[in-house]
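Structural description and commentary
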Amino acid sequence: LRRGLWKSGGGGGPSDIAVSMVLYHALGSVATILLRESSGDDAGAAADPVRASSVVGLLGSLFLKDPTAVLALYGGSFVGMSLPSRLMNGSVPDNNIRAAQRLQTTAVSLFASFAGAGAMAGLLHAVSIHAGYWNGGWGGKVGLCAFAGCWVYRGFGNVAQFINRRT
């Protein structure tokens, strides 16, 4: 697995592992937040982030044949366990931030935010695989990459908010 992140030779472009990691992390995060948000308040079982993540991981392991895709989908479901107000606005749910700074929460913005954070996590996961970090064995790389992807996504959001306030 310790190959380059980009294909060698005349083909160019990202490697198959990088593409599958990014796509399936994004898909897993969107599927998890979709499952969480589509269940009503009275259906607390599916709204629970851990249960929603486990359902996405279980469905991925049942229907996907590629082990890398299953791992990436489950890693993306870790991103989907994030609190939407934290990921999108960087604030706790009851924090009084100005309405001008708060991102409007629509279905498109919610899914785009989680897909972006999932893609970041997938890219970090692919980089760690290609760099040879934590190959083999069991550990916490999937959760760490999910956390780092959310953190990087929120960092880009903070930079964008800072630039918007300056202009």
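Residues numbered from 1 in each chain as written. Predicted model: local features only at pLDDT ≥ 70, side-chain atom pairs only at ≥ 80, totals over all residues. Heavy atoms only, no water.

1. Some remarks on the overall build of the protein chain
- Per the secondary structure count, the protein chain includes seven helices and zero strands.
- Listed by position from the N terminus, the elements making up the protein chain come as α-α-α-α-α-α-α.
- Here the protein chain holds 167 residues, and 34% of them are scored as buried.
- The contacts of the protein chain with a sequence gap of at least 6 include a subset with a gap of at least 24, amounting to 66%.
- When the accessible area of the protein chain is evaluated, it comes to approximately 9800 Å², of which 64% is carbon and sulfur surface. (Helix = DSSP H or I, 4+ residues; strand = E, 2+ residues; numbered from the N terminus. Buried < 20%, exposed > 50% of the residue type's maximum accessible area, 1.4 Å probe, protein only. Contact = heavy atoms within 4.5 Å. Areas by Shrake-Rupley, 256 points an atom, 1.4 Å probe, with all protein chains shown as cover.)

2. A word on the packing of aromatic side chains
- Applying the stated criterion across every chain, the model contains one aromatic pair.
- Consider the rings of Tyr 74 and Phe 78, whose centres lie 4.9 Å apart with planes at 65°: the pair is edge-to-face. Here Tyr 74 and its partner Phe 78 are both found in helix α4 (residues 67-79), four residues apart, which amounts to about one turn of the helix.
- Using a relative accessible area of 35% as the deciding quantity, one classes Tyr 74 as partly exposed. (Phe/Tyr/Trp six-rings, centres within 6.5 Å; stacked < 30°, edge-to-face > 60°.)

3. Structural notes on a nonpolar patch on the surface
- Taken together, the side chains of Val 55, Leu 58, Leu 59, Leu 62 and Phe 63 make up a nonpolar region of the molecular surface, amounting to roughly 510 Å² of accessible area.
- Among the secondary structure elements, Val 55 is positioned in helix α3 (residues 49-63).
- Residue classification places Val 55 among the partly exposed positions, given a relative accessible area of 37%. (Patch = residues over 30% accessible without salt bridge, like charges linked within 9 Å, V, L, I, M, F, W, Y side chains within 5 Å. Salt bridge = Lys/Arg side-chain N within 4 Å of Asp/Glu carboxyl O.)

4. Digging into α4
- For α4, built from 13 residues, the straight-helix expectation of 18 Å at 1.5 Å per residue is met to within 8% by its first-to-last C-alpha distance of 19 Å.
- Ala 69, Val 70, Ala 72, Leu 73, Gly 75, Gly 76, Ser 77 and Val 79 are the residues of α4 that are buried.
- Residues of α4 that are buried in the fold lie against α1 (16-38), α3, α6 (107-131) and α7 (141-166). (Expected span 1.5 Å × (residues − 1).)

5. Section: the environment of Pro 84
- Its place among the elements puts Pro 84 in helix α5 (residues 84-89).
- Pro 84 sits 21 residues away from Thr 105 along the chain, and the two C-alpha atoms are 8.9 Å apart.
- Those residues in contact with Pro 84 that lie beyond four places of it in its chain are Ile 33, Arg 36, Glu 37, Asn 89, Leu 110 and Phe 114.

6. Side note on the environment of Ser 61
- Mapped onto the secondary structure, Ser 61 falls in helix α3.
- Overall, the relative accessible area of 41% leaves Ser 61 in the partly exposed class.
- Residues Ser 61 and Tyr 74, 13 residues apart in the sequence, show an inter-C-alpha distance of 8.7 Å.

7. Side note on the pattern of salt bridges
- Counted under the stated rule, the structure contains one salt bridge.
- The closest approach of N and O atoms between Asp 48 and Arg 51, which form a salt bridge, is 3.8 Å.
- Note on Asp 48: relative accessible area 28%, which makes it partly exposed.
- Judged by relative accessible area, Arg 51 falls into the partly exposed class, the value being 47%.

8. Structural notes on the packing of α4 against α7
- Contact pair α4 / α7: the axes reach a minimum separation of 8 Å and the direction vectors enclose 50°. Here α4 lies oblique to α7, going by the angle between them. Crossing angle aside, the handedness with which α4 passes α7 is right-handed. Only Val 142, Gly 143, Ala 146 and Cys 150 of α7 make contact with α4, whose side of the interface consists of Leu 71, Gly 75, Phe 78 and Val 79. (Axes fitted to C-alpha atoms, helices over the stretch in contact; angles between N-to-C directions. Parallel < 35°, antiparallel > 145°, perpendicular 65-115°, else oblique. Left-handed = near helix turned anticlockwise from the far one by under 90°.)

9. Description of the side chain of His 25
- Along the chain, the position of His 25 falls in helix α1.
- Sequence-distant contacts of His 25, defined by excluding residues within four places in its chain, comprise Ser 20, Ala 72, Gly 75, Gly 76, Gly 118, Ala 121, Gly 122 and His 125.

Note that every value here comes from positions in space, so none of it alone points to a role or purpose.
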